[in-house]
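# Coordinates in review
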Amino acid sequence: MAELKQQTCHREVAEEKARRSTGQRHCLRTFLPELVELERTLADAPAAVCTRVIERIAVKDLALPVYRVDIGAAGPDKPVVLMVGGVHGLERIGSQVVTAWLGSLAERMRWDDHFNELLEKVRIVVLPILNPGGMFLNQRANPSGVDLMRNAPITAQGESTFLLGGQRLSPRLPWYTGEPEQGMEPECEALKAVIDEMLPGRPFSLALDCHSGFGWQDQIWFPYAYRRRPMRRIDSVMALKLLWEQAYPNHRYVFEPQSAHYLTHGDLWDYFYKQVNRQGAGTFIPLTLEMGSWRWLRKRPRQLFRMEGFFNPLVPHRHQRVLRSHLLLMDFLLHAAVSHDNWLPTGDQARVLREAALTHWYREA
Ligand SMILES: [Zn+2]
């Protein structure tokens, strides 16, 4: 059985590679090394790592795959951890961090009994490069010029930030929302299909979507982006934040609602959070990791002369530090999902944590 699974998994990646001409392979090594690295990681992965192509994005003569990787327990009652990277094509480091974590999981699955026991209690779903077309073209938006993080059918309540909050004027300008009422872009629909299949009805699920390019510090954002009022399960977010800070006091992430920075139209995680909540009684916490890229620029101002320099650490030692520093957070989230019963607040505790969250994050609102 294990052997069959391995063949299926490896065949998907092998077939994908075999479909390409020599010229296309060379092109990918140059313009989309993240995909080459991901495929190498998947081809070497052990049997229990299951890989599928869930969408293909046409760019030039290429049909770039959107990969979905599944690891862990199959039962519908198990918690889910969803890791996403590469929503914005310029923020390559997000995909690299997710692929690095995937590679680390795959290696540990070979020998770590303790870790394999953990995997029997949780389902991990990873979409390391959601927007391969944008990444190939070295642009934030997808090949149609749509900013995927502005493309959900949800409108900001109150004043969204001009342009940055999402605009319908032109795909030639940044932060173009597209026409979400006519259906979301194929990349967003692919992610939605994964969420619709995996999350509703689960006791607990958690998502981490990895971005870069805003702020001095690494931040963890949670909904909402479309309004300043708190989400319903804000007590769980506060509980998770405290759990992290008590276990790892020397790590610094700033937890904040995205609305503390700016309001946007079409935020995918606002949309999915509301959708999942509507369908089930479990808890879903969608988080966005926003790696603070401004300090990479401060340390090396000439990065300003390269577009990718705004969003990615270009010095090797800094790049390596970023790749390793978030692994702990991702492992923590995995453990927190497995043991959610031990910390998810209920009753009075939930009420106290909600009050604390309102004071901490929403005093001004
Ligand atoms: Zn981003």
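The present account deals with the structure reproduced in this document. (Residues numbered from 1 in each chain as written. Predicted model: local features only at pLDDT ≥ 70, side-chain atom pairs only at ≥ 80, totals over all residues. Heavy atoms only, no water.)

Of all five residues in strand β4 (residues 123–127), five are buried, a share of seventy percent or more. Burial along β4 is two-sided: Arg 123, Val 125 and Leu 127 facing one way and Ile 124 and Val 126 facing the other are all buried. As paired elements, strand β2 (residues 62–72) and β4 share four bridges and run antiparallel to each other. In the strand pairing of β4, Asp 70 is matched with Val 125. Where strand β3 (residues 80–85) lies against β4, five bridges are found, and the strand directions are parallel. Bridged to Leu 82 within β4 is Val 125. (Buried < 20%, exposed > 50% of the residue type's maximum accessible area, 1.4 Å probe, protein only. Helix = DSSP H or I, 4+ residues; strand = E, 2+ residues; numbered from the N terminus. Pairing = 2+ DSSP bridges.)

Let us now look at the packing of aromatic side chains. Using the criterion set out here, one finds 12 aromatic pairs in the structure. A centroid spacing of 5.6 Å and a plane angle of 50 degrees characterise the contact between Tyr 271 and Phe 272, whose relative ring orientation is tilted. Considered together, Tyr 271 and Phe 272 belong to a single accessibility category, that of buried residues. Cluster of aromatic residues (ring-pair linked, three or more members): Trp 244, Tyr 248, Tyr 253 and Phe 332. Residue placement shows Arg 108 over the ring face of Phe 115; its charged tip is 4.7 Å from the ring centre. (Phe/Tyr/Trp six-rings, centres within 6.5 Å; stacked < 30°, edge-to-face > 60°. Lys NZ or Arg CZ within 6 Å of the ring centre and 35° of its normal.)

Taken together, the protein donors to the zinc ion comprise His 88 (ND1), Glu 91 (OE), Glu 91 (OE) and His 211 (ND1), at separations of 2.0 to 2.5 Å. Around the zinc ion sit four donor atoms, and with donor-metal-donor angles ranging over 55 to 149 degrees the site reads as irregular. Considered as a linear motif, the donors of the zinc ion on their single chain read H-x2-E-x119-H. Just as His 88 is buried, Glu 91 falls in that class too. (Donors = N, O, S within 2.8 Å, 3.2 Å for Na, K, Ca; no water. Tetrahedral: all angles 85-135°; square planar, octahedral: opposite > 155°, others 65-115°.)

Put simply, Pro 223 and Tyr 224 share a cis peptide bond, and its omega is 10 degrees. Residue position: Tyr 224 is located in the loop between β6 (219–222) and α8 (234–247). Positive phi values are uncommon outside glycine, yet Lys 60 reaches one of about 50 degrees. Its location among the elements puts Lys 60 in the loop between β1 (50–59) and β2. Looking at Lys 60, the relative accessible area reads 72%, which means it is exposed. Its identity is not glycine, yet Trp 175 carries a phi of approximately 65 degrees, on the positive side.

Moving on, we get to the pairing of β6. Burial of the side chains of β6 extends over both faces: Gln 219 and Trp 221 are buried on one face and Ile 220 and Phe 222 on the other. Taken together, β6, α8 and strand β7 (residues 254–257) constitute a β-α-β crossover, and its handedness is right-handed. Relative to strand β8 (residues 283–291), β6 runs antiparallel, the two being bridged by three bridges. Paired with Gln 219 across the strands is Glu 290, a residue of β8. (Right-handed = clockwise from strand over helix to strand, strands pointing away.)

Below, the discussion takes up the side chain of Thr 41. With respect to the element layout, Thr 41 can be found in helix α3 (residues 33–44). On the basis of relative accessible area, Thr 41 is assigned to the buried category, the value being 9%. Not counting residues up to four positions away in its chain, the partners in contact with Thr 41 are Thr 99, Leu 102 and Gly 103. (Contact = heavy atoms within 4.5 Å.)

Counted at 1.5 Å a residue, the expected span for helix α4 (residues 92–109) with its 18 residues is 26 Å, and the 26 Å between its end C-alpha atoms agrees. The element α4 is extensively covered by neighbouring structure, given that 14 of its 18 residues are classed as buried. (Expected span 1.5 Å × (residues − 1).)

One can describe the packing of α8 onto helix α12 (residues 327–338) by two numbers: an axis separation of 11 Å at closest approach and a directional angle of 125 degrees. Put simply, α8 runs oblique to α12. Here α8 runs over α12; the crossing is right-handed. Of α12, the residues touching α8 (which contributes Leu 240, Leu 243 and Trp 244) are Leu 328, Leu 329, Phe 332, Leu 333 and Ala 336. Looking at the contact of α8 with α12 residue by residue, the class counts come to eight nonpolar, no polar and no charged. (Axes fitted to C-alpha atoms, helices over the stretch in contact; angles between N-to-C directions. Parallel < 35°, antiparallel > 145°, perpendicular 65-115°, else oblique. Left-handed = near helix turned anticlockwise from the far one by under 90°. Nonpolar A, V, L, I, M, F, W, Y, C, P; charged D, E, K, R; others polar.)

The subject of this paragraph is the pattern of salt bridges. In total, this model carries 23 salt bridges according to the counting rule given. The closest approach of N and O atoms between Arg 123 and Asp 70, which form a salt bridge, is 2.7 Å. Residue Arg 123 is found in strand β4, and its partner Asp 70 is found in strand β2; the two are separated by 53 residues along the sequence. A relative accessible area of 12% means that Arg 123 is categorised as buried. (Salt bridge = Lys/Arg side-chain N within 4 Å of Asp/Glu carboxyl O.)

Here we have eight strands laid out as an open sheet, ordered β1-β2-β4-β3-β5-β8-β6-β7, and mixed in their pairing. Edge strands, defined here as strands with exactly one partner in the open sheet, are β1 and β7. Pairwise comparison of adjacent strand axes, ignoring direction, gives a mean angle of 20 degrees for this sheet. Strands β5 (204–212), β6, β7 and β8 of the sheet are contacted by α8, whose axis makes an angle of about 55 degrees with β8. The strands that α12 touches are β3, β4, β5, β6 and β8; relative to β5, the one it contacts most, it runs at about 165 degrees.

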